Amino acid sequence: MEPVIFHIDVNSAFLSWTAIEQLKNGSTVDLRTIPSIIGGDRESRHGIVLAKSTSAKTFGIKTGEPVAHALRKCESLVIARPDHAMYRQYSKQLMTLLRTFTPDIEQLSIDECFLDFTPIAYQYESPIAGATLISKTVKKQLGFTVNIGIAPNKLLAKMASDFEKPDRIHTLWKEEIPKKLWPLPIEDLYMVGKSSSTRLRSLGITTIGELAHTDKDFLMREFKSHGLLMWEYANGIAPAEVHST
C-alpha cells in the first residue's frame, strides 16, 4: 500500500504548556483563552514572541516579532516567560505517549514529529480515524491539542498540518495537491525562505502551483540544486521514510 505519514504538531506549544503548568499551580486564567504570548519581558519590552494565543493572533501579533511591537498592537497583552526545561518535559511526555501507538516516530523538533501510520493502518477504519484517536488521547491525557497532517510523504504531511489551526486534522493526498497546495502563496512552501521567495516573485512565480509548472531546468539554472528541490516539493515529491533512530 502507499505510505501513510502523519505530521503531528502541538498547537502553540510553549504557550499551551505554560498555560497547563500555571493552571496546575493554581492560576484561574488559562493563557490560551486570552491575548497572551510567551517570550520577552514587559518592563524592558525586550525579546521576541515565541508563541501566541489564538486571540493574540487576532490583533495581528506574529511569532518572531519583537515584544515591543506586540505590545503596541495589544496593550493588555499578557506575557509569560519561557521555561525550556519544562517544555522538554512536556515534549518527552508527548513522544512517550505517541510511541504507545507505534515505535515509528521521527522527532522533528521539540513540538513536532512524523509518525509512520503505514504498519498500523490495518488496526483502524481509516487514517483519519487513527489520527482522531491520537488527537483525542493527547488532549485527554496531556491536556493540550495538536494538529495532524496526513499524506503519502513527510513533506505533504507537514504542509497539511499547517492548514487551519488549532486542533484540526487535514489530509493532503496527491490528488488533492492541485486544490489544497497549489493555490497557496510561494512563501508557504517548506524550504522556500525569504531570499528564494523574493527571487521567485521577481520571476513572476507567486504561488506553489506556478512553481510546480515552471520548467525545472530553468529553476536549476536560477537556483542550482535548491531550484530542483523547490520544484519537487511544489509537485509533492519527497521522501516518505520515517527515521525512528
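The rules we used
Residues numbered from 1 in each chain as written. Predicted model: local features only at pLDDT ≥ 70, side-chain atom pairs only at ≥ 80, totals over all residues. Heavy atoms only, no water. Helix = DSSP H or I, 4+ residues; strand = E, 2+ residues; numbered from the N terminus. Buried < 20%, exposed > 50% of the residue type's maximum accessible area, 1.4 Å probe, protein only. Pairing = 2+ DSSP bridges. Contact = heavy atoms within 4.5 Å. Axes fitted to C-alpha atoms, helices over the stretch in contact; angles between N-to-C directions. Core = buried A, V, L, I, M, F, W, Y, C linked by side-chain atoms within 4.5 Å.

1. Some points on unusual backbone geometry
Here comes step 1: Residue Pro-166 is bonded to the preceding Lys-165 through a cis peptide linkage, with omega at -5°.
Here comes step 2: With respect to the helices, strands and loops of the structure, Pro-166 is situated in the loop between α6 (154–161) and β8 (169–171).
Here comes step 3: Even without being a glycine, Asp-167 presents a positive backbone phi close to 55°.
Here comes step 4: You can see Asp-167 is positioned in the loop between α6 and β8.
Here comes step 5: For Lys-224, which is not glycine, the phi dihedral falls at a positive 60°.
Here comes step 6: Within the secondary structure layout, Lys-224 lies in the loop between α10 (216–223) and α11 (225–234).

2. Comments concerning the pairing of strand β7 (residues 146–151)
Here comes step 1: The element β7 is extensively covered by neighbouring structure, given that six of its six residues are classed as buried.
Here comes step 2: Residues Val-146, Ile-148 and Ile-150 of β7 are buried on one face, and the alternating residues Asn-147, Gly-149 and Ala-151, pointing to the opposite face, are buried as well.
Here comes step 3: Bridge analysis of β7 against β8 gives three bridges, and the strand direction is parallel. When the bridges of β8 are listed, Ile-150 appears paired with Thr-171.

3. Focus on the sheet that holds strand β3 (residues 51–52)
Here comes step 1: Read from one edge to the other, the open sheet built from three strands follows the order β3-β2-β4, with strand pairing classed as mixed. At either end of the open sheet lies a strand with only one pairing partner, and these are β3 and β4 (78–80).
Here comes step 2: With two bridges connecting them, strand β2 (residues 36–38) and β3 associate as antiparallel partners. The partner of Ile-38 across the bridge, within β3, is Ala-51.
Here comes step 3: On top of the sheet, helix α1 (residues 13–24) reaches β2, β3 and β4; it is set at about 105° to β2, its chief contact.

4. Overview of the environment of Ile-61
Here comes step 1: One can find Ile-61 in the loop between α2 (54–57) and α3 (67–73).
Here comes step 2: Judged by its relative accessible area of 1%, Ile-61 falls in the buried class.
Here comes step 3: Between the C-alpha atoms of Ile-61 and Pro-119, which are 58 residues apart in sequence, the distance is 41 Å.
Here comes step 4: Aside from chain neighbours lying at most four places away, what touches Ile-61 is Ile-37, Val-49, Lys-52, Ala-56, Ala-70, Lys-73, Cys-74 and Leu-77.

5. Overview of the nonpolar core
Here comes step 1: Counting 38 residues, the largest nonpolar core has Phe-6, Ile-8, Trp-17, Leu-98, Ile-134, Val-138 and Phe-144 as its most contacted members.
Here comes step 2: Mapped by element, the contributors of at least two residues to this core are β1 (5–10), α1, α4 (84–98), β6 (112–116), α5 (127–142) and β7.
Here comes step 3: Residues within four places of Ile-8 in sequence aside, it is in contact with Leu-98, Asp-111, Glu-112, Cys-113, Leu-115, Ile-134, Val-146, Asn-147 and Ile-148.
Here comes step 4: Counting residues in hydrophobic clusters, the runner-up holds 28 residues, among them Phe-114, Leu-156, Met-159 and Tyr-233.

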